[in-house]
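Here is what each chain is made of, one letter per residue.
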Amino acid sequence: MASSETVCCICALFFGGIFCTLIWTATAKHTFQIDYENNCFKKDGESFRYISGSIHYSRVPRYYWKDRILKMYMLGLNAVHTYVPWNFHEVMPKKFVFDGDRDLEHFLQLANDSGLLVILRPGPYICAEWDMGSLPAWILKKDSVVLRSSDPDYLAAVDQWMNVLLPKIRPLLYNNGGPIISVQVENEYGSYFACDHDYLRHLVKLFRYHLGDEVVLFSTDGSSLHNVQCGTVDGLYAAVDFGPTEDITKCFEVQRHFEPKGPLINSELYTGWLDHWGEKHQVVATSVITRALDTVLGLGANVNMYMFIGGTNFGYWNGANTPYAAQPTSYDYDAPLSEAGDLTDKYFAIRDVIRKYKKVPYGPIPPSVPKFAYGPVPLKKLSALSEMLDVMCPSGPVKSVYPLNFVQLNQYFGFVLYRTSLPKDCSNPTSLSSPLNGVHDRAYITVDGVPQGVLERDKMLSINITGKAKATLDILVENQGRISVGRYINECKGLITNLTLGKDFLTGWTMYPLDIDEAVSRGLKEKSRKPSMSSRSSAFTAPAFYIGSFDIPSGIPDLPQDTFINFPGWTKGQIWINGFNLGRYWPARGPQITLYVPRHILSTSAPNNITVLELEKSPCDVKPCVVEFVDTPVLNATVSNIFPGRKLFVGLY
């Protein structure tokens, strides 16, 4: 077959030059490959270096994808990195969701339309401080499964997922006219204990089968010889990641040990750092970031800034680290674009560094999105959670002699209520204990509706309770987010060991897996309420729902606008607005106090309904029962540091 150039020359003899140019353009093929001789990438035959930023489409509402992408483009980036969270798309086995906020193909096309290339990181494991590192919890139904390994049960689930995902990706590869220039296989695998190269080889074969031989496949690992040794195999180009305070030359020397020729790549130059409940909000100085970025670019290296915009862990999607510490709802990350997409000083300082090495786009940068303080909204108590079990668990409870964990109950997120009766009189305070640290992660205890206290993983393993023999003991267990990194990503949630009352094991459990999101989306109805029971301790009230509504003011242009919700006097819980699960609030522990409310979930044509599940203590008996919409976030409230020795940019494995 004649080449494109040959076809053009033949056309010129018969039809003229203009027509032949059109023929050449139509048949020319995009290429992206590694140029080992010149230590760089080649894009369409020309030397190429990417300057990229991370954005997680799963943490930014679809409504704002274009805004955030344009801001990244106008800064001077020529590419974006994004993860594909498996459990975000396959919440239940073989039930795949790729629409709305999960429309990956639309996100990738927006990047393409905006002039940005894409480095795609489809896992199957991604870490990312995301629940279970994006592995779906239903995989744990097989007790013996070894995650991130060549275990046949795990590989069967991976193959099932990738056989759906990767065919969606192939048309969007750069060599097929799309934006994706390279694809990462697994993620920082060298930090995982398994070090199973057969697993990585299986993934390489699977990716090649679906994506073809031309796409650049790569691995990313922390910049140590051991990590890269375990994290890559033949067929993957080995990249490294490191923080801005590390010795950049030494980090790239590690990459050169495995890749003597080819482009230098830092896949994650950290622009900030992650938060945990009960620790201070992490901030990284702009000067630290710009100095490191300048050094990396001065070496001619490719770089991805992690994160460029962090976004939000809406719903229950946050992950956790060990010793157990869950990430908050905000994933702001002190990134160049704030959680709400606002421009920061760090954004403009990074732009100044980039313009030293390449032209940045000319024209106006999309401004920060305006915010509006809608003010206080009164709430009223609807009902105790224990009085709404028929609505929250329409399929009915599960009974067992001993408690079952969340996976055994087919409950992968949220809450389960465990119920039994006191086997003996506890008129005198009696110890209710989790002697093997078996509450994962936090349990709210009532006896005949009277609040008793809280059991918490690693922190509070025993409390004293009171009640008469045969009184109803309710234990509402919250899954606060699965560990997202390290060998314990296979952890179970719920009551994973027996509880004791005094010296006796508790048996005869009735368990209610709660589908609160579905019940809230249908609208909770007020029921005849039982009289409130007095609490043993003024520190607690029984878990209960509170509701209220507000209207968007009329006569003010451009409403609704983004806002933030504050919880004066509230303790810990979950909040929904118009059925959308905003996430967890925990101002009693911090550092996050307010939650981000994007404008697209608000309505101007009908009242906006607020549903709050307060788990520990509401203000409604002694203070105004309100939540308040404000125009400024609070992410850095002073808290006692639970892990004062934790350092920035240090591996969490």
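Rules of the game
- Residues numbered from 1 in each chain as written.
- Predicted model: local features only at pLDDT ≥ 70, side-chain atom pairs only at ≥ 80, totals over all residues.
- Heavy atoms only, no water.
- Helix = DSSP H or I, 4+ residues; strand = E, 2+ residues; numbered from the N terminus.
- Rg over C-alpha atoms; globule rule 2.2 N^0.38 Å.
- Buried < 20%, exposed > 50% of the residue type's maximum accessible area, 1.4 Å probe, protein only.
- Contact = heavy atoms within 4.5 Å.
- Areas by Shrake-Rupley, 256 points an atom, 1.4 Å probe, with all protein chains shown as cover.
- Expected span 1.5 Å × (residues − 1).
- Polar contact = N/O pair within 3.5 Å; in protein donor to acceptor, adjacent residues only side chain to side chain.
- pLDDT = per-residue confidence, 0-100.
- Axes fitted to C-alpha atoms, helices over the stretch in contact; angles between N-to-C directions.
- Parallel < 35°, antiparallel > 145°, perpendicular 65-115°, else oblique.
- Left-handed = near helix turned anticlockwise from the far one by under 90°.
- Nonpolar A, V, L, I, M, F, W, Y, C, P; charged D, E, K, R; others polar.
- Pairing = 2+ DSSP bridges.
- Disulfide = S-S within 2.5 Å.

A. Broad picture of the overall build of the chain. Looking only at helices and strands, one finds 13 helices and 34 strands in the chain. In terms of overall size, the chain behaves like a compact globule, its C-alpha atoms giving a radius of gyration of 27 Å where 653 residues would be expected to give roughly 26 Å. Along the three orthogonal principal directions, the C-alpha set of the chain runs to about 100 × 60 × 45 Å. Counting every position in the chain, which comprises 653 residues, the buried fraction comes to 59%. A separation of at least 24 residues holds for 79% of the contacts in the chain among residues at least 6 apart in sequence. Split by element, the accessible area of the chain, about 25500 Å² in all, is 53% carbon and sulfur.

B. Highlighting helix H7 (residues 197-211). Counted at 1.5 Å a residue, the expected span for H7 with its 15 residues is 21 Å, and the 21 Å between its end C-alpha atoms agrees. By the burial criterion, the buried members of H7 are His197, Tyr199, Leu200, Leu203, Val204, Leu206, Phe207, His210 and Leu211. Along its buried surface, H7 packs onto helix H6 (152-169), strand S7 (180-184), strand S8 (216-222) and helix H8 (225-231). Among the residues of H7, the N-terminal cap falls to Asp196, whose side-chain oxygen and the backbone nitrogen of Asp198 are separated by 3.0 Å.

C. Focus on the confidence of the model for the chain. Per-residue confidence for the chain gives a mean pLDDT of 93; residues scoring 70 or more make up 92%. Segment residues 1-27 is flagged for pLDDT under 50; beyond a separation of four residues in sequence, or across chains, it makes 12 contacts in the model.

D. Summary view of unusual backbone geometry. The omega torsion of the bond from Gly123 to Pro124 falls at 20 degrees, within 30 degrees of zero and hence cis. Note that Pro124 resides in the loop between strand S6 (117-121) and H6. Note that the residue after Tyr306, namely Met307, is joined by a cis bond; omega there is -10 degrees. The residue Met307 is located in strand S11 (residues 302-309) in this model.

E. Structural view of the packing of helix H10 (residues 286-298) against helix H11 (residues 345-354). In the contact formed by H10 and H11, the axes pass within 10 Å of each other and the chain directions differ by 20 degrees. In terms of orientation, H10 and H11 fall into the roughly parallel class. When you trace H10 past H11, the crossing you get is right-handed. Facing Thr286, Ile289, Thr290, Leu293, Asp294 and Leu297 of H10, the residues of H11 in contact are Lys346, Ala349, Ile350, Val353 and Ile354. Here the contact of H10 with H11 is composed, by residue class, of seven nonpolar, two polar and two charged.

F. Up close: the pairing of strand S17 (residues 415-421). For S17, the buried fraction is high: five of the seven residues fall into the buried class. Judged from the seven bridges that link them, S17 and strand S23 (residues 472-478) form a sheet pairing that is antiparallel. In the sheet register, Val416 faces S23, and the bridge partner there is Val477. One ladder, built from five bridges, connects S17 with strand S27 (residues 509-514); its direction is antiparallel. Along S27, the bridge assignment pairs Tyr418 with Met511.

G. Highlighting the state of the cysteines. For the structure on display, the rule yields two disulfides. Two residues share a disulfide in this structure: Cys195 and Cys230, whose sulfurs sit 2.0 Å from each other. Across the S-S bond of Cys195 and Cys230 the torsion is about -90 degrees, and the bridge reads as left-handed. Here the residue Cys195 occupies a position in the loop between S7 and H7, and Cys230 occupies one in helix H8, the gap between them amounting to 35 residues. Here Cys620 connects covalently by a disulfide to Cys625, the sulfurs 2.0 Å from one another. Disulfide Cys620-Cys625: the torsion about the S-S bond is 55 degrees, which places it as right-handed. Note on Cys620: relative accessible area 23%, which makes it partly exposed. Classification of Cys625 by relative accessible area gives buried; the value is 13%. Described in terms of the sequence order of its bonded cysteines, the disulfide pattern of the chain is 1-2, 3-4. Cysteine Cys127 remains unbridged, with the sulfur of Cys230 as its closest cysteine sulfur at 17 Å.

H. Inspection of the sheet that holds S8 at higher detail. Spatially, the eight strands close up into a barrel ordered S4-S5-S6-S7-S8-S9-S10-S11, and their pairing is parallel. Shown here is a sheet whose adjacent strand axes are inclined to one another by a mean of 30 degrees, direction ignored. Two strands pair when backbone bridges link them, and S8 and strand S9 (residues 237-242) are joined in this way by five bridges, in the parallel orientation. Directly across from Gly222, in S9, lies its bridge partner Asp241.

I. Fine view of the packing of H6 against H7. Look at H6 against H7: their axes get within 9 Å of each other, and the N-to-C directions meet at 30 degrees. For the element pair H6 / H7, the angle class is roughly parallel. Along this stretch, H6 crosses H7, giving a crossing that reads as right-handed. Facing H6, whose interface residues are Tyr154, Leu155, Val158, Asp159, Met162, Asn163, Leu166, Pro167 and Ile169, H7 presents Tyr199, His202, Leu203, Leu206, Phe207, His210 and Leu211. For the contact of H6 with H7, the residue count by class is 12 nonpolar, three polar and one charged.

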